[in-house]
Amino acid sequence: MNGGKDYSAVSNHLPDPKDVQSLDDLPQGIIFTNHVKTQVLCRHLRRRYPHLRGAIDLLHAHRTAKAKRRVMKQFRKGKIKLLVATEAAGMGADISNIELIIQFGVPSSLSVWIQRAGRAGRSRSLQARAILLAEKSMFQRRKKRRKPGGDAENSVPALRPDGDGPELAEPLDDSKKWGKNVDPALREYISTKKCRCKITDQYFNNPTRLGTSPPIIDFCTILTRVLAPTGDCCENCITRLQPPPSTPPQTPEPTDSPPSSAHSTPSKQRNRNGKRSMVSGVGPSTRRTEHLKRARSALEKWRVNTCLQIYGATYLTHDVLLPDK
């Protein structure tokens, strides 16, 4: 998001007003803000959906206890679909039908973000999303301001690009600081190109998954490929596990004779002598790259899914329970 007033960043993740005719067309979600000033964002959303103004409300610590109870009661019943809220709705809001969480601006810490994101997807039958909108200033480095004495002001040390840390476009300079001070663990979580669950596991000191050390089964792979509908780990893992985009076949330039490395197989059509002529371009290498890859992926997915269904949680890996042989 461009800044603290970039409300269009929230609208980009909500349905188009033309497609919203009734309450059922709006997702049940909470839009968290870091400050009590939720009225402006709530007003923006009400203007976006003028025919459903009553389905959008706000909740913060300055509202009366009666108003808070009324809003939460209507939100649980689904009469309020979009709730713009501060931390007042982050604790104790165990509502099973929340399918969307949007964090408007980087929160104070990684634990706060995980707490707020965890409001969604409480039902096993629901596919939920949690979206964190980060200010551009978080990724920008600026020169430190000079104190009257001449020394540069102290700032939070920049996170260096090693391990799962962010990859910076420019080398770190002690004379510069981040445009927005962010909790180092949260900065690493946002900037990493690897699995974000691994960042949270380290941060909360979670035990090794599936009883292996180091984990033999890639838990993110299992989540993304098998355990639908709650299978999406993070967009980094989804992108990593998606097959590369297919490129259109290129027509080779005509040559006098086919290259010696080209593979040839018999065609399905027989000629007048009863023999099948050789066709180049389809051979073992093509079968390996296309068919074998799909077959291997399907078998691995079936093996992991079968182990989870039959054995459940166990210290044995799927390679032991269902070996290749």
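Conventions used here
- Residues numbered from 1 in each chain as written.
- Predicted model: local features only at pLDDT ≥ 70, side-chain atom pairs only at ≥ 80, totals over all residues.
- Heavy atoms only, no water.
- UniProt positions renumbered as here; feature names shortened; annotations may be inferred.
- Helix = DSSP H or I, 4+ residues; strand = E, 2+ residues; numbered from the N terminus.
- Buried < 20%, exposed > 50% of the residue type's maximum accessible area, 1.4 Å probe, protein only.
- Patch = residues over 30% accessible without salt bridge, like charges linked within 9 Å, V, L, I, M, F, W, Y side chains within 5 Å.
- Areas by Shrake-Rupley, 256 points an atom, 1.4 Å probe, with all protein chains shown as cover.
- Salt bridge = Lys/Arg side-chain N within 4 Å of Asp/Glu carboxyl O.
- Axes fitted to C-alpha atoms, helices over the stretch in contact; angles between N-to-C directions.
- Parallel < 35°, antiparallel > 145°, perpendicular 65-115°, else oblique.
- Left-handed = near helix turned anticlockwise from the far one by under 90°.
- Contact = heavy atoms within 4.5 Å.
- Nonpolar A, V, L, I, M, F, W, Y, C, P; charged D, E, K, R; others polar.

The name an unreviewed UniProt entry assigns to the protein chain is DNA 3'-5' helicase, from the organism Favolaschia claudopus. In its Catalytic activity (unreviewed entry) section, the UniProt entry covering the protein chain states "Couples ATP hydrolysis with the unwinding of duplex DNA by translocating in the 3'-5' direction." Recorded under Sequence similarities (unreviewed entry), the UniProt text for the protein chain is reproduced unchanged: "Belongs to the helicase family. RecQ subfamily."

A few words now on the overall build of the protein chain. Along the backbone of the protein chain there are 10 helices and nine strands. The 325 residues of the protein chain split such that 35% are buried.

Below, the discussion takes up a nonpolar patch on the surface. Together, Tyr 315, Leu 316 and Val 320 give the surface a local cluster of nonpolar side chains, amounting to about 320 Å² of exposed area. With respect to the helices, strands and loops of the structure, Val 320 is situated in helix α10 (residues 318–321). What makes Val 320 exposed here is its relative accessible area of 53%.

One can describe the packing of helix α4 (residues 110–117) onto helix α6 (residues 196–203) by two numbers: an axis separation of 11 Å at closest approach and a directional angle of 120°. Here α4 lies oblique to α6, going by the angle between them. Here the hand of the crossing between α4 and α6 comes out left-handed. Here Leu 110, Ser 111 and Ile 114 of α4 lie close against α6, whose contacting residues are Ile 199, Thr 200 and Tyr 203.

With that settled, consider the packing of helix α5 (residues 184–191) against α6. Two numbers describe how α5 lies on α6: the axes approach to 9 Å, and their chain directions differ by 160°. Classed by the angle they form, the pair α5 and α6 counts as roughly antiparallel. For the element pair α5 and α6, the recorded crossing hand is right-handed. Contacts between α5 and α6 pair Ala 185, Glu 188, Tyr 189 and Ile 190 from the former with Arg 196, Ile 199, Thr 200 and Tyr 203 from the latter. In terms of residue class, the contact of α5 with α6 is made up of five nonpolar, one polar and two charged.

Right, let's get into the pattern of salt bridges. Applying the stated rule across the entire model yields six salt bridges. In this structure, the salt-bridge partner of Asp 57 is Arg 46, at a minimum N-O distance of 3.8 Å. In this pair, Asp 57 sits in strand β2 (residues 56–59) while Arg 46 sits in helix α2 (residues 39–48), placing the two residues 11 residues apart along the sequence. Overall, the relative accessible area of 9% leaves Asp 57 in the buried class. A salt bridge links Arg 303 to Asp 324; the nearest nitrogen and oxygen atoms lie 2.8 Å apart. You can see Arg 303 sitting in helix α9 (residues 284–310) and its partner Asp 324 sitting in the segment after α10, a full 21 residues away along the chain.

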